[in-house]
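Read off the chains here:
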2 protein chains.
Amino acid sequence: MEKKRIVVLGGGFAGVYTAIHLEKLFGRKSEYEIVLVSRDNYFTYQPMLSEIIGGSLGVYDTLSSLRSLLKHTKIYVREIVEIDIADQSVILSPNFNHKNLYLKYDYLVFGLGNVTDFRNSPGGLHEHAFPFKNLSNALTLRNHLVDVIETAAIEEDPELKKQLLTFIVGGGGFSGVEAVAEINDFARSMASQYDSIDPKSIRVMMVHRKERLMNKELSESLSRYAEKILRKRGVEFLFNDELVSATPMEAFLASGEKIATSTIVSTVPCTPNPLVETLPFELCSGRIKTDETLKVLNSPNVWALGDCAAVPLGKDSFCPPTAQFAVRQAKRAAKNIYATIHNRPSQPFQFKQIGMMAALGHRRAVGELFGTIKLSGIFAWFVWRFVYLWKLPSLKRKFKVAVTWLLEVIAPGDAVQLKVQPIYGMSHLHYAEGEVIFNKGDVGDYLYVVVEGEVGIVTEKDGIEKQIATIKKGEFFGEMALLNQKFRTAKAYCQTSCDIVAIRKQDFNILVTSFGDLKAHFEETEQARLQEQIDQFRRKKEQIDAGNNDLKAS
Amino acid sequence: MEKKRIVVLGGGFAGVYTAIHLEKLFGRKSEYEIVLVSRDNYFTYQPMLSEIIGGSLGVYDTLSSLRSLLKHTKIYVREIVEIDIADQSVILSPNFNHKNLYLKYDYLVFGLGNVTDFRNSPGGLHEHAFPFKNLSNALTLRNHLVDVIETAAIEEDPELKKQLLTFIVGGGGFSGVEAVAEINDFARSMASQYDSIDPKSIRVMMVHRKERLMNKELSESLSRYAEKILRKRGVEFLFNDELVSATPMEAFLASGEKIATSTIVSTVPCTPNPLVETLPFELCSGRIKTDETLKVLNSPNVWALGDCAAVPLGKDSFCPPTAQFAVRQAKRAAKNIYATIHNRPSQPFQFKQIGMMAALGHRRAVGELFGTIKLSGIFAWFVWRFVYLWKLPSLKRKFKVAVTWLLEVIAPGDAVQLKVQPIYGMSHLHYAEGEVIFNKGDVGDYLYVVVEGEVGIVTEKDGIEKQIATIKKGEFFGEMALLNQKFRTAKAYCQTSCDIVAIRKQDFNILVTSFGDLKAHFEETEQARLQEQIDQFRRKKEQIDAGNNDLKAS
């Protein structure tokens, strides 16, 4: 007889803790198979993510392999392609072959969390702002910080140097505050190792939509305290303002301010997982509506919890999307599934938030417990570490993190930049009107395709600039440097704000060797453009000659 | 007055130790500026690299930031674009702008090391074998191992499962032996966590060109000992054989043997840095010839050392390319540069190798000291750890590694797979004759371009296969699934051995939205192919009808 299957979707707090509790309830030799589907093979302990930036925790310290947490669960490390509620099945992406994996379920749990989604943000945040949500984001950001500081240390152009040493974080909620604290500490301590960097030239700025930090999470006095601490360490604050757009060299704020920077971190746009939108469920601002027992409305044998679910809490309100709630919901969901299977009644989810804490770096934190006790300073920081350590899954992991923290005090980490994989392919860029894409004499390292907007190509002779072409949507430019020359012979600037795809020289070469036609096409275009220039020159010469003849004739 | 500049190229043992000794000799307030050019901002302690695979060391443990090792050296973290000996200059790649960096030198030191270069290897090693040379290789390999084992645990097809659980390492030198030991330990310990994987189905194989391991480095008795230890732990050996070619699913050996595998590691093809080939130097199998004082022949003010240099050792022989030699050469090079600048005579490089050691995993090692003392077993392993710890630069790093090693005994690492950056763009694939690229019903996840060879497209109806097209060099296939359908409607197999470029669905979409023409071209081709099929069908129908008519008429 086939086992009945409980499928849990998502490898975050909601999914993993549900599976942990299901394992406990059903025991090892049950006739129910527990399955967990996760994109990664590990569980990330999110609250410690910001410590990755500064390197006070090692790369693996915030991670536990799912296998070590879930001994009796079948784990599928795959992307979810499709969920078919009517068919009671989930389709997973292929790996090492080209076959999708088809998974039937008897009971389904949604713990998909939310995702950072810049796609609906206007102008360039998608392309040029660093999200800060998962481990990969934290590592990418850390590598970038090392990169800009190393580059600033040897950069001779004062404008570019200033741009490289300016760091902007958008969104002053919990994760934004923790991120800005770590970025500030890391940038300042790393830069202090270089004689060529003036500490005063480093600017770390936080842009927040409201008039104070963590306005949703903490009381005013604590948020002012956090602000004071961070100001003292050099963080600048721009309240009642927000990031609206970004280019490779600038951040644009709602107030109209424009700041030259190479580092924009945005913690803002968290949206529910897009998979949820395709399902026949009742949604509440993108989240799956459940009843108070965590069951999805009008769908038998389906539960939802965590950040992807709208779980009622008291009258007319929903549970906040925090780990604290997800972990408690997971326990309740597991119990209710067990009860449902055994024909017993489900219980409603009830939980009162214990408290909120945020680390401010340098052994400082702020927090509120039970809605009344306020903590700040080094004591709060100790409580913060203790609570998080205690909550960290598995004893082994607790022990390792404790030792790493101790070690950090004795021997602080190195600013090492990890380049794990080379970055291939195409990058998407956004530019503001008037910004220069490349100058004459620059290295010809990319080919560009205009996706939106218009680019002007300008040559210069004897100090006089002259626009020789306008590149429109769907057209490409910069191919000459790739085919013939090492250096750009003209300047390219944005006549309007532009979205552009840049293809690296190496990848372009792969493309042209692969696509024979494409190469011919590029060569023809280049030929035509050269011809156009020659013709223009000839026409001008004829005009002048004609003028001269007229002069002679007259 | 401008300082005179000593430029050291390369961030490995040779380059970094030269800079360290130059700093010591010249002191802080010298009129000579010391510059180091390195691709990464850290120094990798190569001998410990294999421990990254098994996770007994953390990602950062084998790394020291260059800044922390070299306080008074100007460090350029850039790629070298060009070296111009006549002009006494080095050109570095751009970062955050598009300008190459132009660096004049008065004295130049080559410490570029060698690179893994599969490009001249025949058939598919470049595409499908994992190199094992630097940190990025070690991490990539570790991630891949986690991936294949996770996938094998849930794979139902026994053939694919067997392929996923077969691991092949080519090259039985030191790094090959250390790699195979770590891969074997890691794969077996990770797989033991899954009930669905039979330990006996795991095969770890080493292919070596000679009749015994580490034949260049160790005496026969020690290499037999190492072999025995590894055999006991499940490693199989194929001596007098070598990897000649690879595809995504198979390894091909010189003996004609063909092994189904998804994991091929090759430690073999180390070639000198290609930058060296372009220079006006006398070379000896790709390495820069120096005199016995490490000065490059016929080039004033240029020195070379380490793996990129051919440094005479005794009569008619050259120094071997090992870290031991590079570190000693670095000290001599620095002293000779100092002497040259101060018009004193240079001294020849002399050094007798102290010994060689290789770790075999599981607290076992083999080694030879002073050419006479042979070590093996757990004692050798202790000596190995002690020596390497002692040689590790910086006290802080020593301390951290010691603690990590201790921790590892108490709390072994988790099999966590780090996906730092998504892999974009195009991949290059090599297939053998007869291999199937995709089957009917597979997910349409890639578009393919034939770079070399011929691919047959085969449809199947009522169990009868029929070849409907042959795709030749420069042509593409698989576009139908991308444009219209989710699943492949035909099979694609290699009529000859093939080199193919695969473009991921997502990237293909970027390409077609960017290049308007390209999309039209693809659609036309698709249209033409459909029309061709319709025409074929119509012709056949007409033939049959004609036949029927003939029958009727007769």
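Residues numbered from 1 in each chain as written. Chains lettered and ligands numbered in written order. Predicted model: local features only at pLDDT ≥ 70, side-chain atom pairs only at ≥ 80, totals over all residues. Heavy atoms only, no water.

## Details of the overall build of chain A
Logical step 1: Tallying secondary structure elements over chain A gives 15 helices and 34 strands in all.
Logical step 2: Taken over 554 residues, chain A has a buried fraction of 55%.
Logical step 3: At a minimum sequence separation of 6, the contacts of chain A that also span at least 24 residues come to 67%.
Logical step 4: Approximately 24,600 Å² of chain A is accessible, and the part contributed by carbon and sulfur atoms is 53%. (Helix = DSSP H or I, 4+ residues; strand = E, 2+ residues; numbered from the N terminus. Buried < 20%, exposed > 50% of the residue type's maximum accessible area, 1.4 Å probe, protein only. Contact = heavy atoms within 4.5 Å. Areas by Shrake-Rupley, 256 points an atom, 1.4 Å probe, with all protein chains shown as cover.)

## Quick notes on unusual backbone geometry
Residue and element names in this part refer to chain A.
Logical step 1: With a phi close to 55°, Asn343 is a non-glycine residue in the positive phi region.
Logical step 2: Within the element layout of this structure, Asn343 appears in the loop between α10 (323-341) and β24 (355-359).
Logical step 3: What makes Asn343 exposed here is its relative accessible area of 73%.
Logical step 4: Within the chain, Asp462 stands out as a residue other than glycine whose phi angle is a positive 50°.
Logical step 5: Within the element layout of this structure, Asp462 appears in the loop between β30 (455-461) and β31 (464-471).
Logical step 6: Relative accessible area serves as the criterion here: at 69%, Asp462 is assigned to the exposed category.

## With respect to the sheet that holds strand β30 (residues 455-461) of chain B
Residues and elements named next belong to chain B.
Logical step 1: Pairing is antiparallel in the open sheet, where 4 strands are placed in the order β28-β33-β30-β31. The open sheet has two free edges, formed respectively by β28 (436-438) and β31 (464-471), since each of these has just one partner strand. In this sheet, adjacent strand axes meet at a mean angle of 30° when their direction is disregarded.
Logical step 2: As paired elements, β28 and strand β33 (residues 491-494) share 2 bridges and run antiparallel to each other. (Pairing = 2+ DSSP bridges. Axes fitted to C-alpha atoms, helices over the stretch in contact; angles between N-to-C directions.)

## Details of the packing of aromatic side chains
Two descriptors summarise a pair of aromatic rings, namely the distance from one centre to the other and the angle between the planes of the rings.
Residue and element names in this part refer to chain A.
Logical step 1: Under the counting rule described, the total for this entry stands at 32 aromatic pairs over all chains.
Logical step 2: Centroid distance Phe26 to Tyr338: 5.0 Å. Interplanar angle 75°. Geometry classified as edge-to-face. Taken together, the residues span a long stretch of sequence, with Phe26 in helix α1 (residues 13-26) and Tyr338 in helix α10 at a distance of 312 residues.
Logical step 3: Classification of Tyr338 as partly exposed rests on a relative accessible area of 23%. (Phe/Tyr/Trp six-rings, centres within 6.5 Å; stacked < 30°, edge-to-face > 60°.)

## Notes on the confidence of the model for chain A
All names here are of chain A.
Logical step 1: Per-residue confidence for chain A averages 83 on the pLDDT scale, and 87% of its residues sit at or above 70.
Logical step 2: Per-residue pLDDT stays below 50 along residues 420-424; that stretch engages in 11 contacts with residues further than four places along the chain or on separate chains.
Logical step 3: For this predicted complex, the interface confidence score (ipTM) comes to 0.72, while the overall pTM stands at 0.78. (pLDDT = per-residue confidence, 0-100.)

## Quick word on the sheet that holds strand β16 (residues 250-253) of chain B
Adjacent strands of a sheet form backbone hydrogen bonds with each other and so pair up, either parallel or antiparallel.
Residue and element names in this part refer to chain B.
Logical step 1: With antiparallel pairing, 3 strands are arranged side by side in an open sheet as β15-β16-β17. Each edge of the open sheet carries a strand with a single partner, namely β15 (243-246) and β17 (258-260). The average undirected angle you get between the axes of adjacent strands in this sheet is 25°.
Logical step 2: The pairing of β15 with β16 spans 3 bridges and is antiparallel. Looking at β16, one finds that Ser245 is bridged to Phe252.

## Describing the pairing of β31 of chain B
Residue and element names in this part refer to chain B.
Logical step 1: Inspection of the sheet shows β30 paired to β31 by 7 bridges, in the antiparallel sense. Opposite Thr459, over in β31, you have Lys466 as the bridge partner.
Logical step 2: The antiparallel pairing of β30 with β31 creates a hairpin that spans 2 residues between the two strands, and Asp462 there sits at a positive phi of about 50°.

## Here's the deal with the nonpolar core
Logical step 1: In this structure, Leu9, Val37, Ile80, Leu103, Leu108 and Phe110 of chain B are the most contacted members of the largest nonpolar core, which totals 79 residues.
Logical step 2: Among all residues touching Phe110 of chain B, those that are not within four sequence positions of it are Leu9, Ile83, Ile85, Leu279, Phe281, Ile288, Val302, Trp303, Ala304, Leu305 and Cys308 of chain B.
Logical step 3: In terms of nonpolar packing, the next biggest core, distinct from the first, is built from 78 residues, Tyr17, Ile20, Leu69 and Val77 of chain A among them. (Core = buried A, V, L, I, M, F, W, Y, C linked by side-chain atoms within 4.5 Å.)

## With respect to the side chain of Glu150 of chain B
Logical step 1: Position of Glu150 of chain B relative to the elements: it lies in helix α5 (residues 135-154).
Logical step 2: No salt bridge forms around the buried Glu150 of chain B; measuring N to O, its nearest opposite-charge neighbour Arg67 of chain A is 6.0 Å away.
Logical step 3: When neighbours within four sequence positions are excluded, Glu150 of chain B is seen to be in contact with Asn41 and Val77 of chain A together with Met190 and Tyr194 of chain B. (Lys, Arg positive; Asp, Glu negative; His and termini not counted. Salt bridge = Lys/Arg side-chain N within 4 Å of Asp/Glu carboxyl O.)

## What about the packing of α1 of chain A against α10 of chain A?
All names here are of chain A.
Logical step 1: The geometry of α1 relative to α10 is characterised by a closest axis approach of 8 Å and an angle of 40° between their N-to-C directions. Between α1 and α10, the angle is such that the two are oblique. Viewed along their axes, α1 and α10 form a crossing whose handedness is right-handed. Contact residues: Phe13, Ala14, Tyr17, Thr18, His21, Leu22, Leu25 and Phe26 in α1; Ala323, Ala326, Val327, Ala330, Lys331, Ala334, Lys335, Ile337, Tyr338 and Ile341 in α10.
Logical step 2: Of the residues assigned to the contact of α1 with α10, the class counts are 14 nonpolar, 2 polar and 2 charged. (Parallel < 35°, antiparallel > 145°, perpendicular 65-115°, else oblique. Left-handed = near helix turned anticlockwise from the far one by under 90°. Nonpolar A, V, L, I, M, F, W, Y, C, P; charged D, E, K, R; others polar.)

## Quick look at a nonpolar patch on the surface
All names here are of chain A.
Logical step 1: A cluster of nonpolar side chains, Ile354, Phe370 and Ile373, forms an exposed patch at the surface whose accessible area comes to about 270 Å².
Logical step 2: Locating Ile354 in the fold gives a position in the loop between α10 and β24.
Logical step 3: Given the relative accessible area of 32%, Ile354 is considered partly exposed. (Patch = residues over 30% accessible without salt bridge, like charges linked within 9 Å, V, L, I, M, F, W, Y side chains within 5 Å.)

## Section: the environment of Cys308 of chain B
All names here are of chain B.
Logical step 1: Inspection of the secondary structure puts Cys308 in the loop between β22 (302-304) and β23 (309-310).
Logical step 2: The class of Cys308 is buried, set by a relative accessible area of 0%.
Logical step 3: Considered as a pair, Cys308 and Leu36 are 272 residues apart in the sequence and their alpha carbons are 16 Å apart.
Logical step 4: Apart from the residues within four sequence positions on either side, Cys308 is in contact with Phe110, Gly111, Leu112, Gly113, Arg287 and Ile288.

## Observations concerning the pairing of strand β29 (residues 446-452) of chain B
Residues and elements named next belong to chain B.
Logical step 1: Pairing of β29 with strand β34 (residues 498-504), which is carried by 6 bridges, proceeds in the antiparallel orientation. Paired with Tyr448 across the bridge in β34 is Ala502.
Logical step 2: In terms of strand pairing, β29 meets strand β32 (residues 476-477) through 2 bridges, oriented antiparallel. For Tyr448, the partnering residue across the bridge sits in β32 and is Phe477.

## Thoughts on the packing of α5 of chain B against helix α7 (residues 174-191) of chain B
Residue and element names in this part refer to chain B.
Logical step 1: Running from N to C, α5 and α7 point in directions that differ by 35°, and their axes come no closer than 10 Å. For the crossing formed where α5 meets α7, the hand is right-handed. In this structure, α5 uses Leu141, Arg142, Leu145, Val146, Ile149 and Glu150 to contact α7, whose residues at the interface are Ile183, Phe186, Ala187, Met190 and Ala191.
Logical step 2: Across the contact of α5 with α7, the residue classes tally to 9 nonpolar, no polar and 2 charged.

## A look at the pattern of salt bridges
Logical step 1: Within the structure shown, the criterion is met by 30 salt bridges over all chains.
Logical step 2: Glu220 of chain A is paired through a salt bridge with Arg224 of chain A; the nearest N and O atoms lie 3.1 Å apart. With a gap of 4 residues between them, Glu220 of chain A and Arg224 of chain A both fall in helix α8 (residues 220-232), about one helical turn apart.
Logical step 3: A residue is classified by how much of its surface remains accessible, and Glu220 of chain A, at 43% relative accessible area, is partly exposed.
Logical step 4: Residue class for Arg224 of chain A comes out partly exposed when judged on its relative accessible area of 31%.
Logical step 5: Of the charged contacts, one joins Lys99 of chain B and Asp442 of chain A as a salt bridge, the two residues approaching to 2.5 Å between their closest N and O atoms. Taken together, the residues span two chains, with Lys99 of chain B in the loop between β7 (89-92) and β8 (101-104) and Asp442 of chain A in the loop between β28 (436-438) and β29 (446-452).
Logical step 6: Each of Glu220, Arg224, Glu227 and Arg231 of chain A takes part in one network of salt bridges that share partners.

## Some remarks on the side chain of Ser30 of chain A
Residue and element names in this part refer to chain A.
Logical step 1: Its place among the elements puts Ser30 in the loop between α1 and β2 (32-38).
Logical step 2: For Ser30, a relative accessible area of 9% translates into the label buried.
Logical step 3: In terms of polar contacts, Ser30 uses its side chain to reach the backbone amide nitrogen of Tyr32, at 2.6 Å. (Polar contact = N/O pair within 3.5 Å; in protein donor to acceptor, adjacent residues only side chain to side chain.)

## What to know about the state of the cysteines
Logical step 1: On inspection of all chains with the given rule, the structure shows 0 disulfides over all chains.
Logical step 2: With no disulfide of its own, Cys498 of chain A lies closest to Cys494 of chain A among cysteine sulfurs, the gap being 3.8 Å. (Disulfide = S-S within 2.5 Å.)

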